[in-house]
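Breakdown of the fold
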Amino acid sequence: MTNKLKKILIYTAWSVLFGTVLALFYRSFSLSILLLIAFGILTHYSKELITQYTNNRLSIGLLITLEIIKFTILLYFAFTYSWILFIVLIVTSFLLQIKRLFSYFDLNRFYDYLSIILNVGVINCLSFYVHTRFLSLTVVYSLIPIVSLFLFLNRKKVYFI
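In this report, the structure presented in the accompanying data block is examined. Note that the structure is a prediction, hence the values are computed from the model and not measured. (Residues numbered from 1 in each chain as written. Predicted model: local features only at pLDDT ≥ 70, side-chain atom pairs only at ≥ 80, totals over all residues. Heavy atoms only, no water.)

**Notes on helix H7 (residues 137–155)**
The test is simple: A run of DSSP states H or I qualifies as a helix once it reaches four residues; a run of E qualifies as a strand once it reaches two. Both are numbered from the N-terminal end. A helix's residues, less one, multiplied by 1.5 Å, set its expected span. To get the bend at a given residue, fit one axis to the seven residues ending there, fit another to the seven starting there, and take the angle between those axes. Partly exposed residues are those whose accessible area sits between 20% and 50% of the maximum for their type, while under 20% is buried and over 50% is exposed, using a 1.4 Å probe and protein chains only. Distance and chemistry together define a polar contact, namely a pair of N or O atoms within 3.5 Å, with one atom able to donate a hydrogen and the other to accept it when in protein, and with adjacent residues in sequence counting only for side-chain atoms on both sides.
With 19 residues, H7 should cover 27 Å at 1.5 Å per step; its first-to-last C-alpha distance of 27 Å lies within 8% of that length. The largest bend along H7 reaches roughly 30° and is located at Ile144, with the proline Pro145 sitting one to four residues downstream. Where H7 is concerned, the buried positions are Val139, Leu143, Ile146, Val147, Phe150 and Asn154. Here H7 starts with a cap whose side-chain oxygen sits 3.1 Å from the backbone nitrogen of Thr138, and that cap is Ser136.

**Regarding the side chain of Ser136**
What counts is decided by this rule: The contact criterion used throughout is that any non-hydrogen atoms of two residues lie within 4.5 Å.
Tracing the backbone shows Ser136 in the loop between helix H6 (108–132) and H7. Looking at Ser136, the relative accessible area reads 13%, which means it is buried. At a separation of 3.1 Å, a polar atom in the side chain of Ser136 contacts the main-chain amide nitrogen of Thr138. Dropping the residues within four chain positions of it, Ser136 is found in contact with Tyr26 and Phe128.

**Some remarks on unusual backbone geometry**
Note: most residues except glycine have negative phi, and most peptide bonds are trans. Positive phi, close to 60°, is recorded for Asp106, a residue that is not glycine. With respect to the element layout, Asp106 can be found in the loop between helix H5 (99–104) and H6. Assessed through its relative accessible area of 63%, Asp106 is described here as exposed. Even without being a glycine, Arg133 presents a positive backbone phi close to 65°. Tracing the sequence through the fold places Arg133 in the loop between H6 and H7.

**Thoughts on the packing of helix H2 (residues 32–51) against helix H3 (residues 60–80)**
Formally: All axes are obtained by fitting lines to C-alpha atoms, using only the stretch in contact for helices, and the reported angles, taken between N-to-C directions, cover 0 to 180 degrees. Here roughly perpendicular refers to angles of 65 to 115 degrees, roughly parallel to angles under 35, roughly antiparallel to angles over 145, and oblique to all remaining angles. The hand of a helix crossing depends on one turn: near helix anticlockwise from the far one by less than a right angle means left-handed, and clockwise means right-handed. Lys, Arg, Asp and Glu make up the charged group, whereas Ala, Val, Leu, Ile, Met, Phe, Trp, Tyr, Cys and Pro make up the nonpolar group; the residues left over, Gly among them, are polar.
Running from N to C, H2 and H3 point in directions that differ by 150°, and their axes come no closer than 10 Å. Between H2 and H3, the angle falls in the class roughly antiparallel. Of the two possible hands of crossing, H2 and H3 adopt the one that is left-handed. Facing Ser32, Leu35, Leu36, Ala38, Phe39, Leu42, Thr43, Tyr45, Ser46, Leu49 and Ile50 of H2, the residues of H3 in contact are Leu62, Leu63, Leu66, Glu67, Ile69, Lys70, Ile73, Leu74, Tyr76 and Phe77. Each residue belonging to the contact of H2 with H3 can be placed in one class, and the counts come to 16 nonpolar, 3 polar and 2 charged.

**Comments concerning the nonpolar core**
Applied cut-off: Buried Ala, Val, Leu, Ile, Met, Phe, Trp, Tyr and Cys residues form a nonpolar core when they are joined through side-chain atoms within 4.5 Å.
Counting 21 residues, the largest nonpolar core has Leu36, Phe77, Tyr81, Leu85, Leu89 and Val130 as the members making the most contacts within it. Only H2, H3, helix H4 (83–97) and H6 provide two or more residues apiece to this core. Excluding residues within four positions of it along the chain, Leu85 makes contact with Phe77, Leu126, Tyr129 and Val130. Residues Leu22, Leu143, Ile146 and Phe150 belong to the second largest nonpolar core, which totals 11 residues.

**So, the packing of H3 against H4**
Viewed as axis vectors pointing N to C, H3 and H4 meet at an angle of 155°, and their least axial separation amounts to 7 Å. Our classification of the angle between H3 and H4 gives roughly antiparallel. With respect to the hand of their crossing, H3 and H4 are arranged in right-handed fashion. Across the interface between the two elements, Glu67, Lys70, Phe71, Leu74, Leu75, Phe77, Ala78 and Phe79 from H3 touch Trp83, Leu85, Phe86, Leu89, Ile90, Ser93 and Gln97 from H4. In terms of residue class, the contact of H3 with H4 is made up of 11 nonpolar, 2 polar and 2 charged.

**Remarks on H6**
Compared with an ideal rise of 1.5 Å per residue, which puts 25 residues at 36 Å, H6 spans 35 Å between its outermost C-alpha atoms and is within 8% of the ideal. By the largest-angle criterion, Ile123 marks the main kink of H6, which is about 25°. Taking burial as the measure, the 25 residues of H6 include 18 buried ones, the bulk of the element. Residue Arg133 follows H6 closely and has a positive phi angle near 65°.

Structural data, given as structure tokens:
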């Protein structure tokens, strides 16, 4: 297993961990969280493929396959949970994959902050929602210090994922 894949797995698991732990107080473990983790892994891997894009290195077939698998997972969430979850996941995935556009306009720092808010804040809230089918303000309020910590660590360049 390569270091990049380990980093993606750890980062994706962290993205859903807090929401899952908080959801266990309300309901038992849901296996749909594994699909949310798979969606996160595919999104980060697609982002890495697009970020390393050069005319010779981008594998269009692999990227299309990843996007089809992600869209299938999104359809599962849309029909099982709600269309709002579907829309939020599409927007999150799109914003995470357009890193090259932010780099082109020299907005790398803004992208880093947006990425932390989406990964730590939104994905944890969605993992709570997948387990419980409701969203508590307690979860949102408890994520504010965690997101703030990650934003602070990113500002100090300690957090580099």
